[in-house]
Amino acid sequence: MPHSLKRILLAAPVSNKKAYVLDEWLQHIRQFSYPAYDILLVDNSHDEHYHQSLWDKGFQCLYCPPGNKRAPEYIADSQNMLRDYFLKEGYDYLFSLECDNFPPLDIIELMLGYKVDNFNIPYFLKKDHHTTLGVQKSVINYGGWCANKVLAPADSVAEFDGKVKYFYAPSFGCSLFSRRLVERVRYRVEANNPFAFSDSFWHMDSNKLGIRPWVHMGIICEHRRFTWQHNPDLVGKEHDNGKGHTTHN
């Protein structure tokens, strides 16, 4: 490997909830043009045998039992398994990619080119006239609930102008984090914010360190979500709180 190449770990939690798109996504992530990246998956399906199917497809996949935890909790557990592996194996950058997002095949080179510690590519969270990009401008408080102020649909169009911009908390759909950041921030959620996922707190902690999240508002990940009405990670005993500002993914 040439000395100038950075070692990248493409790290992703996966689940049989995304089985509808996973084969296409696995094929896609094998085709990135950057020559020095490895792939590690962590399966958090309730079916503990599902991760074996990913090994059978040729992917290294760990298992994170969800138990009786809420989705934000076991997803954060999965992400910390990926983080621990990244640090132990000495990688330079963590490429966090959700398993229903399809970025361009040269995305690693593009993100590395900006030489920042926290770089993100947006994706749409909704569709049609309700479309919003997964970027949040600020933290707001609802009587003890901490949430991010998402862009309104019209603002999403206005902000998507081809520029690289600072946003307080981009979603984790397609993100590149430097080792300097990963060493200092751990994935977490908070019990008093039961519908907030780890991306909210990751970027909150990154901002506190003075490491700003940057977003390229000229590239979109294709988000192949099964349903646009509900977050699939919150289907079941959990559901949206009705305010429309707490769910990511």
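Residues numbered from 1 in each chain as written. Predicted model: local features only at pLDDT ≥ 70, side-chain atom pairs only at ≥ 80, totals over all residues. Heavy atoms only, no water.

Okay, the pairing of strand β2 (residues 37-43) next. Taken across its seven residues, β2 has six buried, putting it largely inside the fold. Where strand β1 (residues 8-14) meets β2, seven bridges bridge the pair, whose relative direction is parallel. Its bridge partner lying in β2, Ile-8 is registered against Tyr-37. This β-α-β element, β1 to helix α1 (residues 19-29) to β2, shows right-handed connectivity. Sheet topology places β2 next to strand β3 (residues 61-63); three bridges connect them, and they run parallel. For Asp-43, the partnering residue across the bridge sits in β3 and is Tyr-63. Considered for its hand, the β-α-β crossover made up of β2, helix α2 (residues 50-56) and β3 is right-handed. (Buried < 20%, exposed > 50% of the residue type's maximum accessible area, 1.4 Å probe, protein only. Helix = DSSP H or I, 4+ residues; strand = E, 2+ residues; numbered from the N terminus. Pairing = 2+ DSSP bridges. Right-handed = clockwise from strand over helix to strand, strands pointing away.)

All right, on to the pairing of strand β4 (residues 93-97) then. Counting buried positions along β4 gives five out of five residues, so the element sits mostly inside the fold. The side-chain alternation of β4 yields two buried faces, one formed by Tyr-93, Phe-95 and Leu-97 and the other by Leu-94 and Ser-96. Bridge analysis of β1 against β4 gives four bridges, and the strand direction is parallel. From the neighbouring strand, Ala-11 faces β4, where its bridge partner is Ser-96. Alignment of β4 against strand β11 (residues 174-178), held across five bridges, turns out to be antiparallel. For Phe-95, the partnering residue across the bridge sits in β11 and is Leu-176.

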